[in-house]
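These are the residues of each chain, in order.
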Number of protein chains: 2
Amino acid sequence: MHISEQERDAVYKTIFSRRDVRSDFINKSIPEDVLKRILTAAHHAPSVGFMQPWDFIVINDKVTKQKIKHGFEQANSVSKKMFTDDQQQAYQKLKLEGILEAPIGICVTCDRERNGPVVLGKTIKAEMDLYSAVCAVQNLWLAARAENLGVGWVSIIEDDILRNALNIPAEIEIIAYLCIGYVTHFKDKPELESAGWLPRRSVDKAIHYNKWTPKVK
Amino acid sequence: MHISEQERDAVYKTIFSRRDVRSDFINKSIPEDVLKRILTAAHHAPSVGFMQPWDFIVINDKVTKQKIKHGFEQANSVSKKMFTDDQQQAYQKLKLEGILEAPIGICVTCDRERNGPVVLGKTIKAEMDLYSAVCAVQNLWLAARAENLGVGWVSIIEDDILRNALNIPAEIEIIAYLCIGYVTHFKDKPELESAGWLPRRSVDKAIHYNKWTPKVK
């Protein structure tokens, strides 16, 4: 199946305009067919040994979201104190999640024991199943962007909070909690870049040929 | 920035026709501008705290590829023996990499210490930097598909083989070794699905609402 130049450019447009959305969600529900499309796109991520280790818990229940928001607040309070005084000033100005504002949350998990103890392609690199589930997150993120839906990954939360709030069994690994919804707009640049938290690294510094070469970070 | 329905469909076409390519590479070099575009797409993946922890080592040197191929063969020989007798029969019929046939390899790494010891968003979930680098792999994979380039992830290889072959420092984590090149065609389905290794799981079994619900795997 051939991808045309026009189609290619649509993919690049989607990749380059994808953002980690925290503050621009609007109160508009996501149609079921749209939700199903982005979850199906996630489900068609690559997976080691075709094990498809992911599951997707869709959260729209307010009480559940409140528990998750509370867990974020606790973790964020702990996290803030890890930074220097100057950094803390900047940190507390940042909005780092949209748990309550986004109409839905999606928790992406990884069943590391799916399809038995020996998985093709995971025999040497045990973390491949986790990485497969992350590929599903990125597929979902880009599919959502293509549907003009914003996605924000909330990583400042203890797994146990999500595990308890969502009844996730002990043997299932938690990969991501994503906030998803329509947005007022997509920002031109990543928020942390605009806020001066860190600059965009030059892509040329990230590219090496045949050997690792030390580069200025 | 709005994504039209036509553009959205191009994204889905790319996501659903992406394959893990092992056997269909052709001997055609990848133009530099195309390579730069897919690496730039990878570089625009989401990253925790905007740390952009990835680097990309582009490999076209034959001697280096031979070392990596040899490492795969060793690891594959060890791996094969982990399966039951019946599985081994099926396993050895599978072609699991295209290291020598693909014109280039790309090793994706993660510098876990980039931008200092405390990284925004990684304070609670330490593996977020690794997951960011995996998001870069998936961006690269989809951008490559949009350029009609096949990508195959070789996970049956010891990190130390890649580390030695590519001079990667001890503190840099190895995420993926990818084989990239033009292909005769993209298969309709994942090879492991067609080969009967595992079936495609129903997406409905992967979707839960508000709570984890035990499902048939």
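How each quantity is defined
Residues numbered from 1 in each chain as written. Chains lettered and ligands numbered in written order. Predicted model: local features only at pLDDT ≥ 70, side-chain atom pairs only at ≥ 80, totals over all residues. Heavy atoms only, no water. Contact = heavy atoms within 4.5 Å. Buried area = accessible area lost by both parts, 1.4 Å probe. Salt bridge = Lys/Arg side-chain N within 4 Å of Asp/Glu carboxyl O. Helix = DSSP H or I, 4+ residues; strand = E, 2+ residues; numbered from the N terminus. Nonpolar A, V, L, I, M, F, W, Y, C, P; charged D, E, K, R; others polar. Pairing = 2+ DSSP bridges. Expected span 1.5 Å × (residues − 1). Buried < 20%, exposed > 50% of the residue type's maximum accessible area, 1.4 Å probe, protein only. Axes fitted to C-alpha atoms, helices over the stretch in contact; angles between N-to-C directions.

Asks: Is there a simple way to think about the interface of chain A and chain B in this case?
Replies: Many descriptions give the size of an interface as the accessible area lost when the pieces come together. Taken together, the contact between chain A and chain B spans 105 residues of the former and 105 residues of the latter. Of the roughly 10000 Å² buried between chain A and chain B on both sides combined, carbon and sulfur atoms contribute 62%. Counting the contacts that link chain A with chain B gives 10 salt bridges. Its salt-bridge partner being Lys 13 of chain B, residue Glu 7 of chain A comes within 3.1 Å of it at the nearest N-O pair. For the side of chain A that touches chain B, the element with the most residues is helix H5 (residues 128-146) of chain A, which contributes 12 residues. Of the residues that constitute the side of chain A that touches chain B, the class distribution is 60 nonpolar, 23 polar and 22 charged. In this sheet, strand S5 (residues 207-209) of chain B lies alongside strand S1 (residues 54-59) of chain A in parallel orientation, the contact comprising 3 bridges. Counted as the bridge partner of Val 58 of chain A is Tyr 209 of chain B from S5 of chain B.

Asks: Explain helix H2 (residues 32-43) of chain A to me, please; I cannot follow it from the model alone.
Replies: Since there are 3.6 residues in each turn of an α-helix, residues three or four apart along the chain are aligned in direction. In this model H2 of chain A runs 16 Å from its N-terminal to its C-terminal C-alpha over 12 residues, within 8% of the 16 Å that 1.5 Å per residue would give. When H2 of chain A is considered as a whole, its buried residues turn out to be Val 34, Leu 35, Ile 38, Leu 39, Thr 40, Ala 41, Ala 42 and His 43 of chain A.

Asks: How should I be thinking about the pattern of salt bridges in this particular structure?
Replies: The tally for this structure, following the rule as stated, stands at 39 salt bridges over all chains. Among the ionic pairs, Lys 36 of chain A bridges to Asp 204 of chain B, the shortest N-O distance being 2.9 Å. Taken as a pair, Lys 36 of chain A in helix H2 and Asp 204 of chain B in helix H8 (residues 203-206) lie in two separate chains rather than in one. Take Lys 36 of chain A: its relative accessible area is 34%, and that puts it in the partly exposed class. Note that Asp 129 of chain B and Lys 122 of chain B form a salt bridge whose closest N and O atoms lie 3.1 Å from each other. Residue classification places Asp 129 of chain B among the buried positions, given a relative accessible area of 0%. For Lys 122 of chain B, a relative accessible area of 16% corresponds to the buried category.

Asks: Would you explain the sheet that holds S1 of chain A in this entry?
Replies: Two strands in a sheet stick together by hydrogen bonds in their backbones, pointing the same way (parallel) or opposite ways (antiparallel). Pairing in this open sheet of 5 strands is mixed, and the strands run S3(A)-S4(A)-S2(A)-S1(A)-S5(B) from one edge to the other. Taken across any chain shown, the strands that pair with only one partner, and hence form the sheet edges, are strand S3 (149-153) of chain A together with S5 of chain B. Strand-to-strand twist in this sheet, taken as the mean axis angle between neighbours without regard to direction, amounts to 25 degrees. The pairing of S3 of chain A with strand S4 (residues 172-182) of chain A spans 5 bridges and is antiparallel. When the bridges of S4 of chain A are listed, Trp 153 of chain A appears paired with Leu 178 of chain A. Set on the sheet, H5 of chain A makes contact with S1, strand S2 (104-111), S3 and S4 of chain A; between it and S4 of chain A the angle comes to about 5 degrees.

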